[in-house]
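Residues per chain, in single letters:
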Amino acid sequence: PFANFVIGTQRMEAANFNEARRYFGQAYDALGQASGLELLNNYAETLARSDDPADRDKAIRIAEDASLRLAPANYVLRATYALTLARAGKLEEAREALQQARDIAEKLHLTVDPRIAFVDAWIALGEGKKDEARRIADTLRVSLGPSLTPRDRADLEALRTASAK
């Protein structure tokens, strides 16, 4: 299972989300609830990117369990939970979970990864606020600058494509 997690993470960072989802799924199937938090986080994120509503529902269940039951003081898990909700069109719940993620980070005096704003952009898109989503994406592109990963580029492209519809 660990090898599948590592390969899945490599595929996710390279923006090969379908392959990553397959590897994370194999690790998750082998470990179930004993899966590490990083596996649960990454698997939920890749499931949320799927066009299959069943995958998106599974993403919400995994992220909710990880962020609310297993590690309620982990802002990254809470942000991933917000992402799964936003990608499934549950915008009010997503906004609430995202604010909770920011509150957790503030309470623990943690620097919030600017990539959390991707969730803001998906919420804006879900609300039909395409200009706001594009503004957020443009701000992210500039703020991440040379540290943009293939995964970031794929996220920015997905937002651009979705906001052009």
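Only a predicted model underlies this, so the values are computations on that prediction, with no experimental measurement involved.

Engineer: So what exactly am I meant to see when it comes to the side chain of Arg56 here?
Structural biologist: Along the polypeptide, Arg56 turns up in helix H4 (residues 53-70). Asp51 is the oppositely charged side chain nearest to the buried, salt-bridge-free Arg56, at an N-O distance of 4.1 Å.

Engineer: What's the story with the packing of aromatic side chains in this structure? I'm lost.
Structural biologist: Within a pair of aromatic rings, the relevant descriptors are the distance that separates the centres and the angle that separates the planes. Applying the stated criterion across every chain, the model contains 3 aromatic pairs. Both rings, one in Phe5 and one in Phe24, keep their centres 6.1 Å apart while their planes meet at 40°; by these two values the pair is tilted. Residue Phe5 is located in helix H1 (residues 2-13), and its partner Phe24 is located in helix H2 (residues 17-31); the two are separated by 19 residues in the primary sequence. Between Tyr28 and Tyr43, the ring centres sit 5.3 Å apart and the planes meet at 40°, which makes this aromatic pair tilted. With Tyr28 in helix H2 and Tyr43 in helix H3 (residues 37-48), this residue pair connects regions lying 15 residues apart in the sequence. Just as Tyr28 is buried, Tyr43 falls in that class too. A connected cluster of aromatic rings, assembled from ring pairs, spans Phe2, Phe5 and Phe24. For the cation-ring pair, Arg22 lies above Tyr23, with the distance from its terminal atom to the ring centre recorded as 4.7 Å. Lying over the aromatic face of Trp122, Arg87 brings its terminal NZ or CZ to 3.9 Å of the ring centre.

Engineer: Just checking my understanding: could you explain the pattern of salt bridges for this structure?
Structural biologist: Think of it this way: side chains of opposite charge can pair up when their charged atoms draw near. Under the counting rule described, the total for this entry stands at 16 salt bridges. Note that Arg49 is salt-bridged to Glu45, the shortest N-O span being 2.7 Å. On the basis of relative accessible area, Glu45 is assigned to the buried category, the value being 6%. For Arg95, the salt bridge identified is with Glu127, shortest N-O distance 2.0 Å. Here Glu127 lies in the loop between helix H7 (117-126) and helix H8 (130-144) and Arg95 lies in helix H6 (residues 91-107), a separation of 32 residues in the sequence. When its relative accessible area of 30% is taken as the criterion, Glu127 is described as partly exposed. Salt bridges linked by common partners bring Glu13, Glu45, Arg49, Arg151 and Asp155 together as one network.

Engineer: Looking at this structure, how should I read H7?
Structural biologist: Spacing of three or four residues puts side chains on the same side of an α-helix, whose turn is 3.6 residues. Summarising burial for H7: 8 of the 10 residues are buried, a large majority. Listed as buried for H7 are Ala117, Phe118, Val119, Ala121, Trp122, Ile123, Ala124 and Leu125. Elements that come into contact with the buried residues of H7 comprise helix H5 (75-87), H6, H8 and helix H9 (150-164). Within two residues after H7, Gly128 carries a phi angle of roughly 80°, on the positive side.

Engineer: What exactly am I supposed to notice about the nonpolar core here?
Structural biologist: Generally speaking, nonpolar side chains in soluble globular proteins are found buried as a group. Ranked by internal contacts, the top residues of the largest apolar core, which has 50 residues, are Phe24, Ile62, Leu140 and Leu159. Those residues in contact with Phe24 that lie beyond four places of it in its chain are Asn4, Phe5, Gly8, Thr9, Met12, Leu39, Asn42, Tyr43 and Thr46.

Engineer: I would appreciate a short explanation of H3 in the present structure.
Structural biologist: Here H3 spans 16 Å end to end across 12 residues, near enough to the 16 Å set by a 1.5 Å rise per residue. Taken residue by residue, H3 has Leu39, Leu40, Asn41, Asn42, Tyr43, Ala44, Glu45, Thr46, Leu47 and Ala48 as its buried positions. Here the buried face of H3 lies against H1, H2, H4, H5 and H9.

Engineer: Please explain the packing of H6 against H7 as it appears in this structure.
Structural biologist: In a packed pair of helices, the relevant descriptors are the angle between the two axes and the axis-to-axis distance. It is the contact of H6 with H7, at a shortest axis distance of 10 Å, that shows an interaxial angle of 160°. Viewed along their axes, H6 and H7 adopt a mutual orientation that is roughly antiparallel. Considering how the two elements wind past one another, H6 and H7 form a crossing that is left-handed. Residues Leu91, Ala94, Arg95, Leu98 and Arg102 of H6 lie in contact with H7, whose contacting residues are Ala117, Val119, Asp120, Ile123 and Gly126. Considering only residue class, the contact of H6 with H7 consists of 6 nonpolar, 1 polar and 3 charged.

Calculation notes
Residues numbered from 1 in each chain as written. Predicted model: local features only at pLDDT ≥ 70, side-chain atom pairs only at ≥ 80, totals over all residues. Heavy atoms only, no water. Helix = DSSP H or I, 4+ residues; strand = E, 2+ residues; numbered from the N terminus. Buried < 20%, exposed > 50% of the residue type's maximum accessible area, 1.4 Å probe, protein only. Lys, Arg positive; Asp, Glu negative; His and termini not counted. Salt bridge = Lys/Arg side-chain N within 4 Å of Asp/Glu carboxyl O. Phe/Tyr/Trp six-rings, centres within 6.5 Å; stacked < 30°, edge-to-face > 60°. Lys NZ or Arg CZ within 6 Å of the ring centre and 35° of its normal. Contact = heavy atoms within 4.5 Å. Core = buried A, V, L, I, M, F, W, Y, C linked by side-chain atoms within 4.5 Å. Expected span 1.5 Å × (residues − 1). Axes fitted to C-alpha atoms, helices over the stretch in contact; angles between N-to-C directions. Parallel < 35°, antiparallel > 145°, perpendicular 65-115°, else oblique. Left-handed = near helix turned anticlockwise from the far one by under 90°. Nonpolar A, V, L, I, M, F, W, Y, C, P; charged D, E, K, R; others polar.

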